[in-house]
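Fold and contact review
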Amino acid sequence: MYCPQASYPSMEITYQPFTVHKRVPLTISRGTTAQSTNLWLKLSAEGIEGWGEAAPFSIGTHQQTLAILQADIVRLQTVVAFHHPLDRQAIESAIATLSLHSATRAALDVALWDWCGKFVRQPIWRLLGLDLGRIQPTSVTVGISSPEAARQRSQDWLQQTSARALKVKLGSPHGIEADQAMFQAVYDHIPTAVSLSVDANGGWSLEEAKQMANWLGDRRVTHLEQPLPVSQDADLAQLKQDSPLPIFVDESCFNSSDIPRLANLVDGINIKLMKAGGLTEALRMIHTARACGLQVMFGCYSDSSLANGAMAQLSPLADYLDLDSHLNLRDDPFSGLTLANGHLLPSTNPGLGLSYAPQAR
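Let us look at the structure shown here.

**Comments concerning the side chain of Glu281**
Within the secondary structure layout, Glu281 lies in helix α11 (residues 279-291). A polar atom in the side chain of Glu281 sits 2.6 Å from the side chain of Ser256. Residues within four places of Glu281 in sequence aside, it is in contact with Asn255, Ser256 and Ala276.

**Thoughts on a nonpolar patch on the surface**
Residues Leu86, Phe119, Val120 and Leu127 make up a contiguous nonpolar surface patch of about 280 Å² in total accessible area. Tracing the sequence through the fold places Leu127 in helix α4 (residues 124-127). In this structure Leu127 comes out as partly exposed when scored by relative accessible area, which is 36%.

**Points about the nonpolar core**
Within the largest apolar cluster, 105 residues are counted, with the highest numbers of intra-cluster contacts made by Trp204, Leu216, Ile271 and Phe298. The element contributing the most residues to this core is helix α3 (residues 102-120), with nine residues. Sequence-distant contacts of Leu216, that is, excluding residues within four places in its chain, are made with Phe183, Val198, Trp204, Val221, Leu224 and Leu245.

**As for the pattern of salt bridges**
By the definition in use, this model includes 18 salt bridges. Here Arg75 makes a salt bridge to Asp72, at a shortest N to O gap of 2.8 Å. A residue pair is termed a helical-turn pair when its members lie 3 or 4 positions apart in one helix, as Arg75 and Asp72 do in helix α1 (residues 66-80) at three residues. Residue Arg75 is classed as partly exposed on the basis of its relative accessible area, which comes to 36%. Accessibility expressed as a relative area gives 2% for Asp72, which makes it buried. With its nearest N and O atoms 2.8 Å apart, the salt bridge here joins Asp322 to Lys167. Taken together, the positions of Asp322 in the loop between β13 (320-321) and β14 (334-335) and Lys167 in strand β7 (residues 165-169) put the pair 155 residues apart, joining distant regions of the chain. For the residue pair Asp322 and Lys167, the accessibility class agrees, reading buried in each case.

**As for the pairing of strand β3 (residues 48-54)**
The buried count for β3 comes to six of seven residues, which makes it a mostly enclosed element. Pairing of strand β2 (residues 31-45) with β3, which is carried by seven bridges, proceeds in the antiparallel orientation. Each bridged residue has a counterpart across the sheet, and for Lys42 the counterpart in β3 is Trp51.

**Quick word on the packing of helix α5 (residues 147-161) against helix α6 (residues 176-187)**
Direction vectors running N to C along α5 and α6 enclose 35 degrees, while the axes themselves pass 8 Å from each other. The interaxial crossing formed by α5 with α6 has right-handed handedness. Judged by residue contacts, Pro147, Ala150, Arg151 and Ser154 of α5 engage Ala181, Met182, Ala185 and Val186 from α6. Partitioned by chemical class, the residues of the contact of α5 with α6 number six nonpolar, one polar and one charged.

**A word on the packing of aromatic side chains**
For the structure shown, the criterion picks out twelve aromatic pairs. Judged by centre distance (6.0 Å) and plane angle (75 degrees), the rings of Phe183 and Trp215 are edge-to-face. Here the residue Phe183 occupies a position in helix α6, and Trp215 occupies one in helix α7 (residues 206-217), the gap between them amounting to 32 residues. No difference in accessibility class separates Phe183 from Trp215, as the two residues are buried. Taken together, the ring pairs in this structure connect Phe18, Trp40, Trp51, Phe334 and Tyr356 into an aromatic cluster. Sitting above the plane of the Trp40 ring, Lys42 keeps its charged end 4.2 Å from the centroid.

**Structural notes on the state of the cysteines**
A full pass over the atoms with the stated rule returns zero disulfides. Left without a disulfide partner, Cys300 is nearest to the cysteine sulfur of Cys253, which lies 16 Å away. Look at Cys300 and you get buried, because its relative accessible area is 10%.

**Overview of the environment of Ala96**
Residue position: Ala96 is located in helix α2 (residues 88-96). Taking the C-alpha atoms as reference, Ala96 lies 50 Å from His189; in sequence the two are 93 residues apart.

**Remarks on the sheet that holds strand β11 (residues 268-272)**
Paired through their backbone hydrogen bonds, the strands of a sheet run either parallel or antiparallel. Read across the open sheet, the eight strands follow the order β6-β7-β8-β9-β10-β11-β12-β13; overall the sheet is parallel. Lying at the two open borders of the sheet, with one neighbouring strand each, are β6 (140-142) and β13. In this structure, strand β9 (residues 221-225) lies alongside strand β10 (residues 247-249), joined through two bridges in parallel fashion. Across the sheet, Glu225 pairs through a bridge with Phe248, a residue of β10.

Procedures and definitions
Residue numbers here run from 1 along each chain, matching the order of that chain's written sequence. Note on the predicted model: pLDDT of at least 70 is required for a residue's local features to be given, and 80 or more for side-chain atom pairs to be given and counted; whole-chain, interface and lining totals, by contrast, use all residues. Computation of side-chain values: all heavy atoms of the structure, hydrogens and water removed. Numbered from the N terminus, helices here are DSSP runs of H or I no shorter than four residues, and strands are runs of E no shorter than two. Pairing of N or O atoms within 3.5 Å defines a polar contact, subject to two protein rules: one partner must be a possible hydrogen donor and the other a possible acceptor, and residues neighboring in sequence count only if both atoms are side-chain atoms. Two residues form a contact once any of their heavy atoms are found within 4.5 Å. What makes a patch is a set of residues exposed beyond 30% relative accessible area and free of salt bridges, joined within 9 Å when like-charged and within 5 Å when nonpolar (Val, Leu, Ile, Met, Phe, Trp, Tyr). Note that accessible areas follow from Shrake-Rupley with a 1.4 Å probe, and for residues the cover is restricted to the protein chains shown. A side-chain nitrogen of Lys or Arg and a carboxyl oxygen of Asp or Glu constitute a salt bridge if their distance falls within 4 Å. Relative accessibility thresholds used throughout: buried, under 20% of the residue-type maximum; exposed, over 50%; partly exposed, between the two (1.4 Å probe, protein chains only). For the purposes of this section, nonpolar cores are sets of buried Ala, Val, Leu, Ile, Met, Phe, Trp, Tyr and Cys residues that join through side-chain atoms within 4.5 Å. At least two bridges found by DSSP between two strands is the condition for calling them paired. Axis lines are fitted through C-alpha atoms, for helices just across the contact stretch, and the angle between N-to-C directions can take any value from 0 to 180 degrees. Left-handed describes a crossing whose near helix is turned anticlockwise from the far helix by less than a right angle; the clockwise case is right-handed. Residues were grouped as follows: Ala, Val, Leu, Ile, Met, Phe, Trp, Tyr, Cys and Pro as nonpolar; Asp, Glu, Lys and Arg as charged; and all remaining residues, including Gly, as polar. Any two rings among Phe, Tyr and Trp, with Trp reduced to its six-membered ring, count as a pair given centres within 6.5 Å; such a pair is stacked if its planes are under 30 degrees apart, edge-to-face if over 60, and tilted if neither. Look at NZ for Lys and CZ for Arg. If either is within 6 Å of the ring centre and within 35 degrees of the ring normal, a charge sits over the ring. Here, a disulfide means two cysteine sulfur atoms that sit within 2.5 Å of each other.

Structure (structure tokens):
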């Protein structure tokens, strides 16, 4: 029985690094990734174990490396040791003084949610009263490459996953002519039933973004993500006014405090677990975005099924989903998610409902 007056350590945190390798390296405007070493955080109390994941990422001045995240967790272990997993408000206050990086906070927050779900024997989506019938198809991603390679990658994705949505990465260092040639190669061979979106990862100037928005608008693209670098956020208003496509931001929006300043500049935001710092903040972002009249997308980095499975618990609340990173891994150590007709479905088991099942490369 939980006793809030207990004077003994009631929660233990351990972590374990694990490396995942992409089947196909992903190239975006900032570079190429082929593998990632992430952290598996395990939170134990009352014989129940909650799981979370921290995946390193880097955007501009935000550097969250493996070494930084490991150091965060070591500091975290002592601070939370005398709290119970249900003491969410007290835990949030306790870690506020640590200045933890967002990926570390995400791992802890997800582990707390997973523990709570297992404690009451319900999946997280059920605790939130969500309707799995509202989940949109998840897109799968084609990275920057030659037109021939992009066409083949899109065909491989469709064969592997029966995807109903495709995201194409643009912002090539070779310019918008290269972007157009690559996109056209994909567009010419994709069934009309498959929706298309574009993510430039801040790889265009304002004039290039205007030109590309109009060009892509004639090719059934649903929305354009992060067309400008973060340093040019002030130009988003002009782009939105001139663009026939809805404009979403990713790198420009980390958490709920970023949303009000963006509300009149864009049409939607991309929420990622590692940027937000957990499901709790992701929920705040969703409600803030809705209050500001914005659409919501979920995205990912080099996340395994653990992190994507956490975001999948909130999927009924999103307009667009891009939770495909685990589908491009040769050695994802976690299982429990279902891909059905292009829809990524969370587990119906308690908490995250995932299992640990390491695979050989």
